[in-house]
Amino acid sequence: MHKIGALIRAGWLAATSYRFGVVMSFASLIVGVIPVYFVTQALQSTMSTVIAGEGDQFFAFIVVGMSSLTLISATLYALPTALQTGTSTGTIEAMLATPTGVPTLLAGLAGYDVLYALLRATVVLLAATVLGAHLAWDRILTVAPVLALVILAHIPIGVIAAAMVLAFRTPGPLPQLVFMLSTFLGGVYYPTKVIPGAVRVISDFVPLTYGLKAIRKVLLEGKPLTAVSHELLVLAGFAAVLAVIGALSFQAALRYARRAGTLAQY
Amino acid sequence: MTSVASAGVTLSSSTASSTAVSLRGLSKSFAKRRGWRELIRRPFHSEVVPALREVTCDIRSGEFFGLLGANGAGKTTLFKMLATLVTPDEGTAIICGHDVRRDPDRVRRVLAPVIADERSLNWRISARENMRLYAALNGLRGAHASERVDELLRLVELTDAVDRQVAGFSSGMKQRLLVARTLLANPQVLLLDEPTRSLDPLSARAFRRFLREDVAIRHGCTVLLATHSADEAFDLCDRVGVLHKGRLIAVGATSELASIVAEERYSIWIQADGPTAVKALEATRLAGRIESPADEPNGWVRVDLEIPGGINAAADVVAALARANVRVARCERLALSLADLLERTLHHYAPNANA
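The rules we used
- Residues numbered from 1 in each chain as written.
- Chains lettered and ligands numbered in written order.
- Predicted model: local features only at pLDDT ≥ 70, side-chain atom pairs only at ≥ 80, totals over all residues.
- Heavy atoms only, no water.
- Helix = DSSP H or I, 4+ residues; strand = E, 2+ residues; numbered from the N terminus.
- Rg over C-alpha atoms; globule rule 2.2 N^0.38 Å.
- Buried < 20%, exposed > 50% of the residue type's maximum accessible area, 1.4 Å probe, protein only.
- Contact = heavy atoms within 4.5 Å.
- Areas by Shrake-Rupley, 256 points an atom, 1.4 Å probe, with all protein chains shown as cover.
- Lys, Arg positive; Asp, Glu negative; His and termini not counted.
- Charge placed at Lys NZ, Arg CZ, Asp CG, Glu CD.
- Buried area = accessible area lost by both parts, 1.4 Å probe.
- Salt bridge = Lys/Arg side-chain N within 4 Å of Asp/Glu carboxyl O.
- Polar contact = N/O pair within 3.5 Å; in protein donor to acceptor, adjacent residues only side chain to side chain.
- Pairing = 2+ DSSP bridges.
- Axes fitted to C-alpha atoms, helices over the stretch in contact; angles between N-to-C directions.
- 1 Å grid on protein atoms, 1.4 Å probe; cavity = no way out; pocket = protein on both sides within 12 Å on 5 of 7 lines; lining within 4 Å.
- Points joined across faces, edges and corners; volume = space filled by probe spheres on them.
- Nonpolar A, V, L, I, M, F, W, Y, C, P; charged D, E, K, R; others polar.
- Parallel < 35°, antiparallel > 145°, perpendicular 65-115°, else oblique.
- Left-handed = near helix turned anticlockwise from the far one by under 90°.
- Expected span 1.5 Å × (residues − 1).
- Bend = angle between axes of the 7 residues up to and from the residue.

1. Here we look at the overall build of chain A
- Tallying secondary structure elements over chain A gives 10 helices and zero strands in all.
- Written out in order from the N terminus, the α and β elements of chain A read α-α-α-α-α-α-α-α-α-α.
- Its C-alpha atoms give chain A a radius of gyration of 19 Å, near enough to 18 Å, the size a compact globule of 266 residues would have.
- When the 266 residues of chain A are sorted by exposure, 51% land in the buried category.
- Nonlocal contacts in chain A, meaning residues at least 24 apart in sequence, comprise 77% of its contacts between residues at least 6 apart.
- When the accessible surface of chain A is totalled, it reaches about 11500 Å², and 73% of it is carbon and sulfur.
- When the 15 positive and 8 negative side-chain charges of chain A are each reduced to one mean point, those points stand 10 Å apart.

Below you can see the structure in the form of structure tokens.
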């Protein structure tokens, strides 16, 4: 944990050294919520019945979706981006030459981006609350295990993309594909039940579908964790299966990179 | 003891207990990169390019060992294998008793490569924060970590700049910080891959002094230095190995190797015309190969020549010329280029190495 903490701290210090960038990043988040508020207010009467079961306010429904999308974007792209930058500058080579385990290194490299995305998501939700979104803030700790599972279900996809970077210098199409499917079929802007039958089958294989249902039930309808046990179970299944695939792919990529000499080739 | 290095030949006189790095028949080949047309025409065909061939060598504890070679000679590949970043195809590399293939975790605890690329530092944070990060990655914690960071920043003379962003550092400061970062691991073996390549001559000289006096002598590290510069290797190292096309063609004490391949070439300024100067030099019977004289102003010529026997023989040549009433203005040893050194080493040790 100490090593992960040190990597996260270094990431934070480097990011906050761009002071104007940090201010602008949060300002744009807050400003970005305002048009969403007006559009969702206009659609409230039409959408209220459509979103039934995942809250009753379309504005809150959408901001929860947008915040979750911010989070999974970080989990998908943090590692491949860190590996891509790190291999081109020699940072990864320097870190791998220290007595630090690869899982620790990966957790530390992704840690800052994921925590920063969580902070950004929280800011969006706070701004939305100020504008009148009905969020059950007293349920924020209850939603933490759901968020943890959402992160754990998506991080391995980032690990697979990072393995691709290590072996072939490109993350490949996987993170983009998962992000696109999550955006359009994961229930970010509309509930998955309105998706036509043939396509809805795909949404059943998108982890965010279950994550968003669970988050909305807890945060927008105030339900306890027991009410989302099915979603939690499915997310845990995704996390377990993808973790094994991610670990195996990364190990294979590392072995290949060491053999082919691409690990420290920049 | 200078000797030819080849597979299976033990070169060093060092005993096993004092050996920091032991290489036996270390080989590595990489797949040749093929163009699209070739890839489509013969998709399953593969070709390999040998990067290292049967490198065998021992490096003693506390030794400053130089590895000389042109681009593509295999220096970096060898270093990356020692640092466990590249897996050897054949042979063994034992670092302080640990095999790089079987026990890479232990190797990483005793050996540290100085990644010479300045970009491997985090430029947006301070020198101290860079050091704190790597202190943590090397398992140092709390007050001990802070003390070690401060101690090393003092050693590399960056005390006044500890809290400044690395982005504002000069190349020399960044190189010193890279070394300090590596020393956090308290390594027994340090790998330096062309550490002075981006430094101006003055900074390079100061940096070499720092490596020799502070890192090697005071810190007691076994240092392996890969370099293009023959002068740098001869200036710093106790022994030098010469890599050529992946083969270690010679290993020897720096003084000995230098006397054989480096200290024989001199320039002498003589007041005479070209043919007379050459005749005068031939008459000394001490000169080896004499090159065509080059005219200098005011009736002087400069003659480049070989003087077997090093500096004492050069003094004898000057004295002989003086006895023959030939005026000599200057006699100096020629700096040896890497190309000359390789040519001479190949000629001397491995005349068939290009085959």
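2. Description of the interface of chain A and chain B
- Listed as interface residues are 30 residues of chain A and, on the opposing side, 29 residues of chain B.
- With both chains or domains summed, chain A and chain B bury close to 2700 Å², and 58% of this area falls on carbon and sulfur atoms.
- Broken down residue by residue, the surface that chain A buries against chain B is led by His-2, Pro-99 and Arg-258 of chain A, which jointly contribute 22%.
- Linking chain A to chain B there are one salt bridge.
- A salt bridge links Glu-129 of chain B to Arg-9 of chain A, with the nearest nitrogen and oxygen atoms 2.5 Å apart.
- Where chain A packs against chain B, one counts 10 residue pairs in polar contact (both at pLDDT 80 or more).
- The set of elements that each furnish at least two residues to the side of chain A that touches chain B consists of helix 1 (2-16), helix 3 (58-89), helix 4 (91-96) and helix 10 (229-260) of chain A.
- With eight residues, the single largest contributor to the side of chain A that touches chain B is helix 1 of chain A.

3. Some details on the pairing of strand 8 (residues 222-227) of chain B
Residues and elements named next belong to chain B.
- Burial analysis of strand 8 places six of its six residues in the buried class, which makes it a mostly covered element.
- By the alternation rule, side chains of strand 8 split into Thr-222, Leu-224 and Ala-226 and Val-223, Leu-225 and Thr-227, which are all buried.
- Looking at chain direction, strand 3 (residues 64-68) and strand 8 are connected through five bridges and run parallel. Looking at strand 8, one finds that Gly-66 is bridged to Leu-225.
- Relative to strand 8, strand 7 (residues 189-193) runs parallel, the two sharing five bridges.

4. Comments concerning the environment of Val-33 of chain A
Residues and elements named next belong to chain A.
- Its place among the elements puts Val-33 in helix 2 (residues 19-50).
- Using a relative accessible area of 1% as the deciding quantity, one classes Val-33 as buried.
- A sequence separation of 20 residues divides Val-33 from Leu-13, and the C-alpha atoms of the two residues are 27 Å apart.
- Beyond its immediate stretch of four places on either side in the chain, Val-33 contacts Phe-59, Val-63, Val-124, Ala-127, Ala-128 and Leu-131.

5. Looking at the sheet that holds strand 3 of chain B
Residue and element names in this part refer to chain B.
- Strand order in this open sheet of six strands is 6-7-8-3-9-10, and the pairing throughout is mixed. The two strands at the open ends of the sheet, each matched to only one other strand, are strand 6 (111-114) and strand 10 (247-253). Each strand of the sheet is rotated relative to its neighbour by a mean of 20 degrees, with strand direction disregarded.
- Contacting strand 6 and strand 7, helix 6 (residues 171-183) crosses the sheet at an angle of about 165 degrees to strand 6.
- Lying over the sheet, helix 7 (residues 201-218) contacts strand 3, strand 7 and strand 8, oriented at roughly 130 degrees with respect to strand 3.

6. Side note on unusual backbone geometry
- Its identity as a non-glycine residue notwithstanding, Arg-169 of chain A has a phi of 70 degrees, on the positive side.
- Among the secondary structure elements, Arg-169 of chain A is positioned in the loop between helix 6 (140-168) and helix 7 (174-185).
- For Asn-186 of chain B, which is not a glycine, the phi torsion comes out positive at approximately 50 degrees.
- Following the sequence through the fold, Asn-186 of chain B ends up in the loop between helix 6 and strand 7.
- Residue Asn-186 of chain B is classed as partly exposed on the basis of its relative accessible area of 48%.

7. Regarding the layout of surface pockets
- Size it by volume and the second largest pocket reaches roughly 860 Å³.
- Lining the second largest pocket we find 31 residues, and of these Gly-11, Ala-14, Ala-82 and Thr-85 of chain A together with Asn-122 of chain B sit closest to its centre.
- The element contributing the most residues to the lining of the second largest pocket is helix 3 of chain A, with eight residues.
- Of the residues in the lining of the second largest pocket, the class split is 18 nonpolar, 10 polar and three charged.

8. Topic: the packing of helix 3 of chain A against helix 6 of chain A
All names here are of chain A.
- Closest axis-to-axis distance for the helix 3/helix 6 pair is 7 Å, and the angle between their directions is 30 degrees. As judged from the angle between their axes, helix 3 and helix 6 are roughly parallel. In the packing of helix 3 onto helix 6, the handedness of the crossing is right-handed. Here Leu-71, Ile-72, Thr-75, Leu-76, Leu-79, Pro-80, Leu-83, Gln-84 and Thr-87 of helix 3 lie close against helix 6, whose contacting residues are Leu-147, Val-150, Ile-151, His-154, Ile-155, Ile-157, Gly-158, Val-159, Ala-161, Ala-162, Val-165 and Leu-166.
- Looking at side-chain class alone, the contact of helix 3 with helix 6 contains 16 nonpolar, five polar and no charged residues.

9. Examining helix 7 of chain B
Residues and elements named next belong to chain B.
- Along its 18 residues, helix 7 runs 24 Å from first to last C-alpha, staying within 8% of the 26 Å computed at 1.5 Å per residue.
- Helix geometry: helix 7 is bent most strongly at Leu-211, by close to 25 degrees.
- Its buried side turned inward, helix 7 meets strand 3, helix 5 (142-155), helix 6, strand 7, strand 8 and helix 8 (230-236).
- One or two steps after helix 7, the chain reaches Gly-220, where phi turns positive at roughly 75 degrees.

10. Brief notes about empty space enclosed by the protein
- With the rule as written, the count across this model stands at three cavities of 30 Å³ or more.
- The volume enclosed by the largest cavity comes to roughly 120 Å³.
- As for the largest cavity, its lining consists of 13 residues, and the residues nearest its centre are Ala-94 and Thr-98 of chain A together with Ala-112, Pro-113 and Thr-182 of chain B.
- When residues in the lining of the largest cavity are grouped by element, the largest group, three residues, is from strand 6 of chain B.
- The class makeup of the residues in the lining of the largest cavity is eight nonpolar, three polar and two charged.
- Roughly 50 Å³ of volume is contained in the second largest cavity.
- Looking at the second largest cavity, the residues that line it are Leu-83, Ile-92, Leu-96, Val-102, Leu-105, Leu-106, Leu-109, Leu-166, Phe-250 and Leu-254 of chain A.
- Among the elements of the structure, helix 4, helix 5 (102-130) and helix 10 of chain A are those that each provide at least two residues to the lining of the second largest cavity.
- Here the lining of the second largest cavity gets four residues from one element, more than from any other, and that element is helix 5 of chain A.
- Within the lining of the second largest cavity, the residues separate by chemical class into 10 nonpolar, no polar and no charged.

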